[in-house]
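# Descriptive analysis of the structure
One-letter residues, chain by chain:
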Amino acid sequence: MANFANFTQKHHRLGRFFPPKLRFLLRFLAFHVHPFFIQLCYFGILSLLGYLALKNSNPRTPVRPNDFDLFYTSVSASTVSSMVAVEMEVFSNSQLILLTFLMFVGGEVFTSMLDLLFARYKLTQSVKNRDSTNPFSPSAEKPPVHDNHVELGLISIPHSQPEDQKPSNDSYRLKYNCLTYLTFVVLGYFVVVQLVGFSLVSLYMTLVPSATQILKNKDIKIATFSLFTIVSTFASCGFVPTNENMMVFKKNSGLLLLILPHVFLGNTLYPPCLRVVIMGLRKVSRREEFSHLLNNFKDIGYDHMLSGLRCCYLVATVLCLNVIQFVMFWSMEWKTKTMEGLNFYEKLVGSLFQVTNARHAGESVFDLSSLSSAILVVFVIMMYLPPYTTFLPVRKEEDDAKRKRKSAVECLVFSQLSYLAIFIILVCMTESKSLKEDPLNFNVLSITLEVISAYGNVGFSMGYSCARKLKGDGTCKDSWVGFSGRWSNKGKFVLILVMFFGRLKKFNMKGGKAWILS
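Residues numbered from 1 in each chain as written. Predicted model: local features only at pLDDT ≥ 70, side-chain atom pairs only at ≥ 80, totals over all residues. Heavy atoms only, no water.

### Structural notes on the overall build of the protein
Per the secondary structure count, the protein includes 23 helices and 0 strands. Looking at the protein residue by residue over its 518 residues, the buried ones come to 49%. A sequence separation of at least 24 residues applies to 76% of the contacts in the protein between residues at least 6 apart. Counting only carbon and sulfur atoms, one obtains 65% of the accessible surface of the protein, whose full area is about 25,400 Å². (Helix = DSSP H or I, 4+ residues; strand = E, 2+ residues; numbered from the N terminus. Buried < 20%, exposed > 50% of the residue type's maximum accessible area, 1.4 Å probe, protein only. Contact = heavy atoms within 4.5 Å. Areas by Shrake-Rupley, 256 points an atom, 1.4 Å probe, with all protein chains shown as cover.)

### Some details on the state of the cysteines
One pass over the full model with this rule turns up 1 disulfide. Here C466 connects covalently by a disulfide to C476, the sulfurs 1.9 Å from one another. Here C466 and C476 share a disulfide; its torsion about the S-S bond, -85°, makes the bridge left-handed. Linking C466 in the loop between α22 (444–455) and α23 (489–503) with C476 in the loop between α22 and α23, this pair joins segments that are 10 residues apart in sequence. (Disulfide = S-S within 2.5 Å.)

### Describing the side chain of E363
Residue placement: E363 occurs in the loop between α16 (344–356) and α17 (373–384). One buried charge, E363, has no salt-bridge partner; the nearest side chain with opposite charge is K250, at 14 Å. There is a polar contact of 2.5 Å between the side chain of E363 and the side chain of T233. (Lys, Arg positive; Asp, Glu negative; His and termini not counted. Salt bridge = Lys/Arg side-chain N within 4 Å of Asp/Glu carboxyl O. Polar contact = N/O pair within 3.5 Å; in protein donor to acceptor, adjacent residues only side chain to side chain.)

### Digging into the packing of aromatic side chains
Summed over the entire model, instances satisfying the criterion amount to 26 aromatic pairs. Measuring from centroid to centroid gives 5.3 Å for F225 and F249, while their planes differ by 50°, and the two rings are tilted. Taken together, the residues F225 in helix α10 (residues 222–234) and F249 in the loop between α10 and α11 (253–268) connect sequence positions 24 residues apart. Across the pair, exposure class does not vary: F225 and F249 are buried alike. (Phe/Tyr/Trp six-rings, centres within 6.5 Å; stacked < 30°, edge-to-face > 60°.)

### A few points about the pattern of salt bridges
The final tally for this structure, using the stated rule, is 7 salt bridges. A salt bridge links K492 to D69, with the shortest nitrogen-to-oxygen separation between them at 2.6 Å. Of the two residues, K492 is situated in helix α23 and D69 in helix α4 (residues 67–78); the sequence distance between them amounts to 423 residues. In this structure, R503 engages E108 in a salt bridge whose closest nitrogen and oxygen atoms are separated by 2.8 Å. Residue R503 is found in helix α23, and its partner E108 is found in helix α6 (residues 108–130); the two are separated by 395 residues along the sequence. By relative accessible area, R503 is classed as buried at 7%. You can call E108 partly exposed: its relative accessible area is 21%. Each of E89, K218 and E244 takes part in a single network of salt bridges with overlapping partners.

### Description of helix α15 (residues 308–333)
Over its 26 residues, α15 runs 37 Å from end to end, which matches the ideal 38 Å to within 8%, given 1.5 Å per residue. Of the positions making up α15, those classed as buried are C311, L314, T317, V318, L321, N322, Q325, F326, F329 and E333. As for α15, its buried residues are in contact with α11, α12 (270–285), α16 and α17. (Expected span 1.5 Å × (residues − 1).)

### Some words on the UniProt feature "transmembrane region" (unreviewed entry) in the protein
Here, the residues flagged by UniProt with the feature "transmembrane region" (unreviewed entry) are residues 36–54, 96–119, 181–208, 220–242, 254–278, 311–332, 368–386 and 407–427. Taken end to end, residues 181–208 is 96% helix and 0% strand, and its first and last C-alpha atoms sit 40 Å apart. (UniProt positions renumbered as here; feature names shortened; annotations may be inferred.)

### A few points about the packing of α4 against helix α5 (residues 93–106)
For the pair α4 and α5, the least separation of the axes is 7 Å and the interaxial angle reads 40°. As judged from the angle between their axes, α4 and α5 are oblique. Here α4 contributes T73, S74, A77 and S78 to the contact with α5, which in turn contributes L99, L102, M103 and G106. Residue classes in the contact of α4 with α5 are distributed as 4 nonpolar, 4 polar and no charged. (Axes fitted to C-alpha atoms, helices over the stretch in contact; angles between N-to-C directions. Parallel < 35°, antiparallel > 145°, perpendicular 65-115°, else oblique. Nonpolar A, V, L, I, M, F, W, Y, C, P; charged D, E, K, R; others polar.)

### What about a nonpolar patch on the surface?
On the surface, a nonpolar cluster with roughly 440 Å² of combined accessible area is contributed by F414, I422, I425, L426 and M429. We classify I422 as partly exposed; its relative accessible area is 38%. (Patch = residues over 30% accessible without salt bridge, like charges linked within 9 Å, V, L, I, M, F, W, Y side chains within 5 Å.)

### Some points on the environment of L352
Locating L352 in the fold gives a position in helix α16. Taking the relative accessible area as the measure of exposure, L352 reaches 32% and is therefore partly exposed. With 23 residues separating them in the primary sequence, L352 and F329 have C-alpha atoms 9.0 Å apart. L352 has contacts with L260 and F326, leaving out every residue within four places of it along the chain.

Structure follows, in structure tokens:
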């Protein structure tokens, strides 16, 4: 208790070094602004700064991309959606580093680490507000209760707690230490996994002549490619510095196997891996904080900390969905033109890499436009599913008190599918002319896949081909851009909204519960 009291006093002294306006802004954001608006502003500002940096830096080619496409690319990198409107090889080395930074700070693991820092700040402020002279006085004035306090689990509702069950000073100290330890664990996991991946990919690209020659022909530095690809994969973005994405490396099975684990480590299997790391640290250090993190993870308010049982179900669900996709992909595409020129081992690794990226990294070793419609529908379903989707045999019912706290706004919001249907309709309206004149490229399935891909922050796209145009003309030129790259600016703007909506979808996962279908 004394240690925690000393820390709060030290924290208060350190806070004096910050300008008063900044301290006021932090307190206002912490206690009066919903986390949704904080994250919306974060990604909006990040996208705007990324656009300005791309605009004021020189591309590799003499022809500069237009401003709207640069902003579209910046939003795509910041929200880790990887929707391509500009050929990747247009960007210079400095611009690729900039996009790497946007993906680095836009990934879910990094932003969750910022949430932990913010939660720790709110905890210290909550304790300090109990009594400006003596934070641990039993008669101290209680801080105001706000909804986002309850969501993070930093305080409890006073009228529902007896006196002997109110949070003690030791519980605040333990919670603060848990937040601190968890922050360092996430930071270590975040850095070590990507550092190891960067080292292995760099080594592979240096030692394997075929891979080295590809980068040499495209004038891409090995270090830039390795860093860009690993950061992109771990953040579940799907950007690759080459125009063809990973299709140009479809015969480099070793490279695909080195990249493949990062699809899981930064996305679907992050909670089980994090839990395993904390279990290892508990066994080595025997610290009380690690035991508390494993047994009372809900009190910490970190969404990526799941129970051991839930982690087991999550691993089983991820493996089962991948096996189902792989079997379907193998049975329908194994002897098609898509696999032409590949041996058995290359087909096996390429197929595994492709189906794994449907949730949610979005890197491709095959042209999606050449795949069967059944496989594309399966990919659409996989992209729609949230990363921590699990099959749970036992369902926990919501308690009555929680149900009663729903506001009128919560009861009126639509479900995720409703919003996606609206977005698809809007895109069909903005691209109505192309749907009539170019139906082989512009069709509802292609638009649906693009919208769901943007919503899932995946980046899969069927692309665009001039050969599929019914009325050929000399002005059409094939380029390595996604299908949305050929949309009008209105259609791209709708997709920008979808990318933001998809990146922040966790705030509306329970939307539409008031609608009863009978």
